[in-house]
Amino acid sequence: MKQLISITLFFTIMGCGSPDFPVQLKKGTASEEAIATNTNIAGNGSQLPYAGSEFQRLFALPEFEAQIAKYRAIEERYNSVRAAQGFTVSASGDLGVQNSQESDGLLSAGLTGQKSLNLQSENDLALLNIENEKKLIVLDIQNSIDKILSQVMMLSLSRENLEEIRTITTKYRRVYQENKSALTAATTTGIVSYSEDFKLRKILSSHDRLLHEAEASYALLELQSKRYSDLLSEGIGSISKEPAEVLLDRAVSENRFVELERLNLQLAVLENEKSLIEAQKKLQGTVVTRLASPVTEDDGLTAFVGLNFTMPIFDGGAKDLQIIEKERLREGVNASIRAYRGNNIDAQKQLKKMNDNIKISIAMLREEQALFNEIISDLETRLSFGGASISDLISEMLSLADLELQLIDKQRQLKQNIIDYTSVHGISCSLTNSCNGLVLERSY
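**Q** Which residues make up the overall build of the chain, and what are the values?
**A** A tally of regular secondary structure across the chain gives 10 helices and four strands. Helices and strands appear in the chain in the N-to-C order α-α-α-β-β-α-α-α-α-α-β-β-α-α. For the chain, the residues scored as buried account for 39% of the 444 residues in total. For the chain, the share of sequence-separated contacts (at least 6 apart) that also reach a separation of at least 24 residues comes to 81%. For the chain, the exposed surface amounts to about 24400 Å²; the carbon and sulfur share of it is 54%.

Have a look at this one:
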């Protein structure tokens with residue numbers, strides 16, 4: 001009879017690994033469509049950042065697949081670790097012969113359940129570290145979106161610059177064409193030399209070259225960024241209507257940097273890892289329940305319910321060295337934080353200085369522009385009385401075109417310097433007032 005009990009218990013225990021075993025973490029799953037639209041990307045219902053924001057459509061892009069997959073994998077690891085920290089059951093069994101008289105064979109089975117007491121919060125620390133890994137992925141995704149926003153703004157700036165160059169070059173080519181007949185007549189009569197006409201045409205040729213370079217630059221940026229701009233809300237990357245002074249103020253006023261958050265999060269991870277190592281040096285406790293079948297006909301079922309405690313005594317100093325390692329790593333991260341803050345202050349000073357110099361250049365160009373207009377007005381008046389040459393008038397007009405092209409290039413530089421700064425520091429969103437749409441978790 002006891003042998004029958006042993007066999008029954010043995011096969012019952014061996015079946016405990018079936019999918020219907022009661023100790024199982026139940027959770028839903030996410031579809032691929034949900035991944036693309038940033039909805040329930042992890043099985044337990046948690047979401048990536050930017051849900052419902054103007055950036056969520058970007059998750060349909062292939063470059064986010066790896067980051068999303070990594071985020072989902074960490075979610076599954078979190079669920080796995082949490083499940084392992086609950087009440088777990090394991091089974092064991094022996095089948096064989098025993099060195100005793102009149103022994104027909106041996107069959108025994110056992111069932112053991114246990115759960116950690118979490119005396120040193122070691123379970124909580126392990127889960128917290130996984131949560132921090134998830135937050136690091138969130139920061140990576142946020143940084144990727146910010147870089148995309150920077151590219152879209154550069155595309156918008158390039159388009160604005162191209163339109164201004166095209167307007168100026170078209171305007172002054174039309175001026176040349178309108179005066180070409182008078183210039184030809186003056187050349188034919190010898191009032192104007194052919195070399196002067198060649199110089200004017202050379203200036204127009206240089207304008208065509210500048211226009212071509214602007215078109216080529218825009219075409220390249222469009223190839224790189226249009227697939228992003230097509231997915232974003234209309235006008236989100238446009239800064240054409242924003243004065244450079246406003247953009248500069250937004251850039252230098254933003255004090256939330258992705259890299260600083262990443263470094264602070266790394267500090268938190270190292271501190272948790274250090275605490276976990278320290279916990280492993282202290283008393284550990286486990287609730288244990290155990291049921292064993294009889295080994296022989298003379299034995300009965302045995303059961304045990306109680307607590308199991310372990311206390312490390314000597315490990316050769318391994319744990320202490322691991323703690324020192326974490327402390328050294330923390331010192332390095334703290335140094336990186338100080339260096340980043342210092343570099344950011346220097347970058348802001350350089351940005352302001354460059355923009356101040358460009359503003360001075362713009363003011364000087366505007367003064368020259370006013371003088372050009374005075375000279376052109378005087379030449380037009382004198383020309384009507386035959387006191388000036390048509391080539392002088394056209395030459396001054398085309399020189400004014402050169403100056404206006406320089407002026408719009410300086411204005412472009414103002415905004416490009418600001419975009420470059422924000423792109424390096426991961427705060428491009430500040431220029432479009434969209435940084436709040438990039439934040440999901442700020443609990444660290």
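That covers the picture; the talk isn't over yet.
**Q** Explain the layout of surface pockets to me, and be specific about the residues and the numbers.
**A** What the largest pocket holds in volume is close to 310 Å³. Only helix H4 (122-178), helix H6 (194-229) and helix H10 (390-424) provide two or more residues apiece to the lining of the largest pocket. Top element by residues in the lining of the largest pocket is H10. It accounts for six residues. Taken together, the residues of the lining of the largest pocket break down into eight nonpolar, five polar and three charged. There is about 260 Å³ of room inside the second largest pocket. Considering the residues around the second largest pocket, the lining is formed by 16 residues, among which Val152, Arg159, Ser229, Glu234 and Gly235 are closest to the centre. At the level of elements, H4 and H6 are the ones that each hand at least two residues to the lining of the second largest pocket.

**Q** Describe the sheet that holds strand S3 (residues 284-292), naming the residues involved and giving the relevant values.
**A** Working definition: the strands of a sheet are paired by backbone hydrogen bonds and lie parallel or antiparallel to each other. Within the open sheet, the four strands sit side by side as S1-S2-S3-S4. Their pairing is antiparallel. Of all strands in the sheet, those bounded by a partner on one side alone are strand S1 (88-96) and strand S4 (302-310). Taken pair by pair, the neighbouring strands of this sheet meet at an average axis angle of 20°, ignoring direction. For S1 and strand S2 (residues 106-116), the ladder comprises nine bridges, and the chain directions are antiparallel. What sits directly across from alanine 91, in S2, is leucine 111.

**Q** Give a detailed account of H10, specifying residues and quantitative values.
**A** Between the first and last C-alpha of H10 there are 51 Å, a value that for 35 residues agrees with the 51 Å anticipated at 1.5 Å per step. Following H10 by one or two positions, glycine 426 adopts a phi angle in the positive range, close to 70°.

**Q** Give a description of the nonpolar core that names residues and reports values.
**A** Leu58 and Phe64 are the most contacted members of the largest nonpolar core, which has 46 residues in total. Broken down by secondary-structure element, the contributors of at least two residues to this core are helix H3 (65-84), H4, helix H7 (244-253), helix H8 (258-280), helix H9 (318-384) and H10. Broken down by element, the residue count for this core peaks at 12 residues, all from H4. Apart from the residues within four sequence positions on either side, leucine 58 is in contact with Phe64, Ile145, Ile148, Tyr228, Leu231 and Leu232.

**Q** Tell me about the packing of H4 against H6, and please be specific about residues and values.
**A** Running from N to C, H4 and H6 cross one another at 155°; their axes reach a closest spacing of 8 Å. Judged on the interaxial angle alone, H6 and H4 are roughly antiparallel. As for how H4 packs across H6, the hand of that crossing is left-handed. For the contact of H4 with H6, the per-class residue count stands at 16 nonpolar, eight polar and nine charged.

**Q** I'd like to hear about H6, residue by residue, with values.
**A** The periodicity of an α-helix, 3.6 residues per turn, causes residues three or four positions apart to be oriented the same way. End to end, H6 covers 49 Å across 36 residues, agreeing with the expected 52 Å (1.5 Å per residue, within 8%). If you check which residues of H6 are buried, you get Asp197, Leu200, Ile203, Leu204, His207, Leu211, Ala214, Tyr218, Leu221, Ser225 and Tyr228. As for H6, its buried residues are in contact with H4, helix H5 (180-188) and H10.

**Q** Got a sec to walk through the state of the cysteines? Specific residues and values, please.
**A** Scanning all chains against the criterion turns up one disulfide. In this model cysteine 429 forms its disulfide with cysteine 435; the gap between the sulfur atoms is 2.0 Å. Across the disulfide from cysteine 429 to cysteine 435, rotation about the S-S bond amounts to roughly 90°, and the bridge is consequently right-handed. For the pair shown, cysteine 429 and cysteine 435 are each scored as buried.

**Q** Pulling in residues and values, what's your account of the packing of aromatic side chains?
**A** In the structure shown here, the tally under the stated rule is two aromatic pairs. On the numbers, 5.4 Å between centres and 50° between planes, the contact of phenylalanine 59 with phenylalanine 64 is tilted. A relative accessible area of 3% means that phenylalanine 59 is categorised as buried. The buried category is assigned to phenylalanine 64, whose relative accessible area is 1%. Between phenylalanine 257 and tyrosine 340 the ring centres are 5.9 Å apart and the planes differ by 65°, which places this aromatic pair in the edge-to-face class. One end of the pair, phenylalanine 257, is in the loop between H7 and H8; the other, tyrosine 340, is in helix H9, and 83 residues separate them in sequence. Residue class for phenylalanine 257 comes out buried when judged on its relative accessible area of 6%.

**Q** Run through the pattern of salt bridges, naming residues and quoting values.
**A** A full pass over the atoms with the stated rule returns 21 salt bridges. With its nearest N and O atoms 2.5 Å apart, the salt bridge here joins arginine 262 to aspartate 140. Separated by 122 residues along the polypeptide, arginine 262 in helix H8 and aspartate 140 in helix H4 bring together distant segments of the chain. Given the relative accessible area of 26%, aspartate 140 is considered partly exposed. Arginine 330 is the partner of glutamate 271 in a salt bridge, and the nearest nitrogen-oxygen pair spans 3.2 Å. With glutamate 271 in helix H8 and arginine 330 in helix H9, this pair connects stretches of sequence that are 59 residues apart. Take arginine 330: its relative accessible area is 26%, and that puts it in the partly exposed class. Each member of the salt-bridge network shares a partner with another, and the members are Glu75, Glu131 and Lys134.

The rules behind the values
Residues numbered from 1 in each chain as written. Predicted model: local features only at pLDDT ≥ 70, side-chain atom pairs only at ≥ 80, totals over all residues. Heavy atoms only, no water. Helix = DSSP H or I, 4+ residues; strand = E, 2+ residues; numbered from the N terminus. Buried < 20%, exposed > 50% of the residue type's maximum accessible area, 1.4 Å probe, protein only. Contact = heavy atoms within 4.5 Å. Areas by Shrake-Rupley, 256 points an atom, 1.4 Å probe, with all protein chains shown as cover. 1 Å grid on protein atoms, 1.4 Å probe; cavity = no way out; pocket = protein on both sides within 12 Å on 5 of 7 lines; lining within 4 Å. Points joined across faces, edges and corners; volume = space filled by probe spheres on them. Nonpolar A, V, L, I, M, F, W, Y, C, P; charged D, E, K, R; others polar. Pairing = 2+ DSSP bridges. Axes fitted to C-alpha atoms, helices over the stretch in contact; angles between N-to-C directions. Expected span 1.5 Å × (residues − 1). Core = buried A, V, L, I, M, F, W, Y, C linked by side-chain atoms within 4.5 Å. Parallel < 35°, antiparallel > 145°, perpendicular 65-115°, else oblique. Left-handed = near helix turned anticlockwise from the far one by under 90°. Disulfide = S-S within 2.5 Å. Phe/Tyr/Trp six-rings, centres within 6.5 Å; stacked < 30°, edge-to-face > 60°. Salt bridge = Lys/Arg side-chain N within 4 Å of Asp/Glu carboxyl O.

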